[in-house]
Amino acid sequence: MPEQFLWTIEVFLNGLMAGVLYALVALGFVLIYKASGIFNFAQGVMALFAAMTLYGIMNGQVPFAHLINAVFGTEVHYFGWNLPAILSIVLTMVVMILLAWLVQRYIFRYLVGQEPIILFMATIGLAYFLEGVGDLMWGSDIKTLDVGLPQGINLWIDETTFNAFGYGFFIDNLDIVASIVAALLVAGLVIFAQYTKQGRAMRAVADDHQAALSVGVSLNFIWILVWSLAGFVALVAGIMWGAKSGVQFSLSLIALKALPVLMLGGFTSIPGAIVGGLIIGVGEKLFEFLIGAPYLGGATENWFAYMLALLFLVFRPQGLFGEKIIERV
Amino acid sequence: MKYKLGTMAVAGLMAASPVMADLVFPSLSYRTGPYAAGGIPFADGYADYFTLLNERDGGIGGVPARVLECETGYNTEKGVECYESTKGEGALVYQPLSTGITYQLIPKATADDIPIHSMGYGRTSAANGDVFSHVFNYPANYWNGASAAINHILEQNGGDISGKKIALVYHNSAYGKEPIRTLEKLSEKHGFELSLLAVDHPGQEQKSQWLQIRREKPDNVIMYGWGVMNQVAVQEAANIRFPMENFIGIWWSGAEIDVTPAGDKADGYKALALTAVGSDFPLYDDLQKYVVDSGKAAGAGDQLGTVPYNRGLYAAMLAAEAVKKAQEIHGVDDITSGMMRDGMEALEITEEVMAAAGLPDFGPTFSVSCANHGGEGMVAVTQWDASAGQFVQIADFAPTDMSVIQPLIDEDSAAFKAENNIESNCN
């Protein structure tokens, strides 16, 4: 087979894998938007906060150590334990549930019925607040997150494709794990939404929160539940992205990668987030490979993803899987 | 009545107190934001050096130093605000710590007669002191970095790299694009094939670039990265099993934080350096005694000896030496920013000066003149030893190819001079 064709296939596959990682971030946005109509600007920062908390718990880091030491003149930094990854993930989830409760109790309870733009502004405030608290709590150094995820080239794929085509494809083990995790996550979320009482209540609130209230569904509880689920998705995204670059402030910027995915897939559809992620991932990688790098000087991925999303918006404003907006006048 | 009494009390107190002279060094730090991990140790090193001089020597020439820290978050607008809010305090020299901030401050600081020291960043052609009277970028600039990387590759290949493939992976910004022209000129001179791979900010996703490297199989990769781009690049290089000893980064891609996330796989990665590595210098004993142990360190004291801390320390040491030179030239201890500029322009860093500062062989020897604000452009090479968890200096400070760099400096600065109607500084 011609080399160029094989390379294109390799780029296509890597685009799919990158798309899964984008979709992981987009899922958190969809969950909250679908249930409450809030576009959560803080989703990227939640991923950062979750990953920092996971690292801190795993390594026995004392939260707010610098503050404590500065105020009390102490020298405490670590508790002296190292917890297993699974236990740390569970404990981090407890922190994220607590965060969800705090967000609902102290911010959104007072904003029920407000305009979407007000709710959006509140999430901007939340993002900056969480960034600052995260820094103060866990420090701003770059943390190496090791939860045992494999990284690097998958040798089996490399050898198999080399034997078959004379060219070994590069697929990152971390991307394969991310794809499996994303599939499990989506399946879990769908099962939760379809077959559990809380999941059905969540869907009822998403459809019509006033009708849901009238049949006894607690809006407060559902919002806490949704923010907790978004916190869990943020934790998964934080682990995957944190494994690539270390846990650092820039993790919060992964939200920028999710926006075109949401524009394309729709803000209210879980499958839309996945399909949107895959289209964006493949589209930007193929464009960079076939046109961007050879003819435009490269680094086209960021703007091309948004351009692709805009193109979809022109023909389908609600996104590929979004609910059609019908307003009676 | 209460207000009047208060005002009188303050006025009386001010009249009774002697006017305390001090040497003001603004520190435009970034302890928050996406680049804080590198900004904190630099700011700590900068502050700790002046604390040491105050505690041990009673200041510089008997005048205490005062570090005026202002948080920029690596944001250009905030950096300019910091400049405006601190310049009135008697600021002697600014280290903008960002190429964007440097560009904004060049005309302002020149008009205010305050020198700028952009060490290893900023406008490269500012090395021409005849045009940029108040900007200094010694001991080395981006173009020296590009030449130093090629020199190292030449050395690895017995002096012949004709026909070799060298790829530049760069941050797609004004900073990242700086070495391109120099590398193009060097590729003409040495006959290597140069390929350019841009990475968009912030650089968390670089799969396309590293797949291209895997396909094209360059012999060497040079990186001009920043922030998260560095960590991801080192990780991706490890993922495609690119030989780390053939991967070399500029000094902004050469700190411990850039390689630790990749773990053992980063072993062998190389980086250019403006200073020596580690803390095995006599000055560190004094730092421990007068600054850290006495609880006066700017940070937690856990960054001593890291690459960015050493860079901050070195920047402060060069500023202090320039103050000494200015005091010597003008015969006064409490110098002004204009005198500081003169001191910087007459700065001579010899082995004796470095040894006297407790930092023998810590940085290159160089001298500054009216025409040359960039020094001799000497650069060292370091290599990451993952098992020891530290960079090791593998090549001493060596000269770079000024026969290629100087014409580029002259050309760029001449264009700036004509554009802005600038009079020669050195007539």
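Residues numbered from 1 in each chain as written. Chains lettered and ligands numbered in written order. Predicted model: local features only at pLDDT ≥ 70, side-chain atom pairs only at ≥ 80, totals over all residues.

### Description of the overall build of chain B
Counting secondary structure elements, chain B contains 15 helices and 13 strands. Judged by the C-alpha coordinates and their principal axes, chain B covers about 80 × 50 × 45 Å. A buried classification covers 56% of the 427 residues belonging to chain B. Pairs at least 24 residues apart make up 70% of the contacts formed inside chain B by residues separated by at least 6 positions. (Helix = DSSP H or I, 4+ residues; strand = E, 2+ residues; numbered from the N terminus. Buried ≥ 20, exposed ≤ 12 C-beta atoms within 10 Å, placed from the backbone. Contact = placed C-beta atoms within 7 Å.)

### A short note on the overall build of chain A
Helix and strand content of chain A: 13 helices and 0 strands. Taken over the C-alpha trace, chain A has a radius of gyration of 21 Å; the compact-globule value for 329 residues is 20 Å, and the two agree within 12%. When its C-alpha atoms are laid out on the principal axes, chain A stretches across 65 × 60 × 40 Å. Looking at chain A as a whole, 47% of its 329 residues qualify as buried. Expressed as a percentage of contacts within chain A between residues at least 6 apart in sequence, the contacts between residues at least 24 apart total 73%. (Rg over C-alpha atoms; globule rule 2.2 N^0.38 Å.)

### Brief notes about the interface of chain A and chain B
Each partner contributes to the interface: chain A provides 34 residues, whereas chain B provides 34 residues. For the side of chain A that touches chain B, the secondary structure elements donating two or more residues are α1 (3-36), α10 (219-245), α12 (270-295) and α13 (301-315) of chain A. Examining the composition of the side of chain A that touches chain B, we find that 5 residues originate from one element, α1 of chain A, more than from any other. The residue inventory of the side of chain A that touches chain B, partitioned by class, reads 13 nonpolar, 13 polar and 8 charged. (Nonpolar A, V, L, I, M, F, W, Y, C, P; charged D, E, K, R; others polar.)

### Description of the pairing of strand β5 (residues 165-171) of chain B
Residues and elements named next belong to chain B. The buried fraction of β5 amounts to 6 of the 7 residues, a majority that puts the element mostly inside the structure. Looking at chain direction, β5 and strand β6 (residues 193-199) are connected through 7 bridges and run parallel. Looking at β6, one finds that Lys165 is bridged to Glu193. Taken together, the 5 bridges between β5 and strand β7 (residues 220-224) define a ladder with parallel strand orientation. Counterpart to Ile166 in the pairing with β7 is Asn220. (Pairing = 2+ DSSP bridges.)

### Comments concerning the confidence of the model for chain B
For chain B, the mean per-residue pLDDT works out to 94, and 95% of the residues sit at or above 70. Reported confidences for the modelled complex are a pTM of 0.91 and an ipTM of 0.90. (pLDDT = per-residue confidence, 0-100.)

### Focus: the environment of Glu351 of chain B
Among the secondary structure elements, Glu351 of chain B is positioned in helix α14 (residues 351-356). On a C-alpha basis, the gap between Glu351 of chain B and Ala91 of chain B in space is 29 Å, while along the polypeptide they are 260 residues apart.

### Concerning unusual backbone geometry
Residues and elements named next belong to chain B. Residue Pro139 is bonded to the preceding Tyr138 through a cis peptide linkage, with omega at 5°. Take Pro139: it is sitting in the loop between β4 (135-136) and α5 (142-156). Going from His201 to Pro202, the amide bond is cis rather than trans, its omega being 0°. Relative to the elements of secondary structure, Pro202 occurs in the loop between β6 and α8 (207-216).

### Details of helix α15 (residues 402-420) of chain B
Residues and elements named next belong to chain B. Between its terminal C-alpha atoms α15 stretches 26 Å, which fits the 27 Å expected from 19 residues at 1.5 Å a residue. Among the residues of α15, Val404, Ile405, Ile409 and Ser413 are the ones counted as buried. Viewed end-on, α15 has its buried residues packed into an arc of 135°, placing them on one side of the element. Turned more than 90 degrees from where α15 packs its buried face, Ser403, Pro407, Ala415 and Ala418 sit exposed. Where α15 ends, the next residue or the one after it, Asn421, has phi of about 55°, a positive value. (Expected span 1.5 Å × (residues − 1). Arc of directions from axis to C-beta.)

### Quick word on the packing of α12 of chain A against α13 of chain A
All names here are of chain A. For the pair α12 and α13, interaxial distance at closest approach is 9 Å and the crossing angle is 130°. Between α12 and α13, the crossing angle belongs to the class labelled oblique. Every pair of crossing elements has a handedness; the one defined by α12 and α13 is right-handed. Here Ile280, Gly283, Glu284, Phe287 and Glu288 of α12 come into contact with α13, specifically with Glu301, Phe304, Ala305 and Leu308. Taken together, the residues of the contact of α12 with α13 sort by class into 5 nonpolar, 1 polar and 3 charged. (Axes fitted to C-alpha atoms, helices over the stretch in contact; angles between N-to-C directions. Parallel < 35°, antiparallel > 145°, perpendicular 65-115°, else oblique. Left-handed = near helix turned anticlockwise from the far one by under 90°.)

### Observations regarding the nonpolar core
Core analysis: the biggest nonpolar cluster contains 237 residues, and Leu24, Ala26, Ala47, Ala51 and Val226 of chain A have the highest contact counts within it. Excluding its chain neighbours within four sequence positions, the residues that come into contact with Ala26 of chain A are Ala258, Val261, Leu262, Gly265, Ala273, Gly276 and Gly277 of chain A. (Core = buried A, V, L, I, M, F, W, Y, C linked by C-beta atoms within 7 Å.)

### Quick look at the sheet that holds strand β9 (residues 270-273) of chain B
All names here are of chain B. Here we have 7 strands laid out as an open sheet, ordered β6-β5-β7-β8-β9-β12-β13, and mixed in their pairing. Here the strands that pair on one side only, and so sit at the sheet edges, are β6 and β13 (390-398). Shown here is a sheet whose adjacent strand axes are inclined to one another by a mean of 25°, direction ignored. Looking at chain direction, strand β8 (residues 247-249) and β9 are connected through 2 bridges and run parallel. In the sheet register, Ile248 faces β9, and the bridge partner there is Lys270. Its contacts with the sheet place helix α7 (residues 179-190) against β5, β6 and β7, and it is angled at close to 165° to β6. In the packing of α8 onto the sheet, the strands contacted are β5, β6 and β7, and the crossing angle to β6 comes to about 160°.

### So, the packing of helix α12 (residues 307-330) of chain B against helix α13 (residues 337-345) of chain B
All names here are of chain B. Contact pair α12 / α13: the axes reach a minimum separation of 7 Å and the direction vectors enclose 105°. By the angle between their directions, the pair α12 and α13 is classed as roughly perpendicular. On the side of α12, the interface is formed by Ala322, Val323, Lys325, Ala326, Ile329 and His330, while α13 contributes Met339, Met340, Asp342, Gly343 and Met344. Of the residues contributing to the contact of α12 with α13, the split by class is 7 nonpolar, 2 polar and 2 charged.

### Brief notes about the pairing of strand β2 (residues 65-71) of chain B
Each regular strand shows side chains that alternate between the opposite faces of the sheet. Residues and elements named next belong to chain B. As paired strands, strand β1 (residues 23-29) and β2 are joined by 7 bridges and run parallel to one another. If you follow Ser29 over to β2, its bridge partner there is Glu71. In this fold, β1 hands off to helix α2 (residues 36-57), which returns the chain to β2; that crossover is right-handed. (Right-handed = clockwise from strand over helix to strand, strands pointing away.)

### What to know about the environment of Phe169 of chain A
Residues and elements named next belong to chain A. Counting through the fold element by element, Phe169 comes out in the loop between α6 (155-165) and α7 (173-195). The class of Phe169 is buried, set by 21 C-beta atoms lying within 10 Å. Excluding its chain neighbours within four sequence positions, the residues that come into contact with Phe169 are Glu10, Leu13, Ile157, Asp158 and Thr161.

### A word on the environment of Leu185 of chain A
Residues and elements named next belong to chain A. Inspection of the secondary structure assignment puts Leu185 in helix α7. A C-alpha to C-alpha distance of 8.9 Å links Leu185 and Leu24, two positions 161 residues apart in sequence. Each residue touching Leu185, except ones within four places of it in the same chain, is listed here: Leu27, Val233 and Val236.

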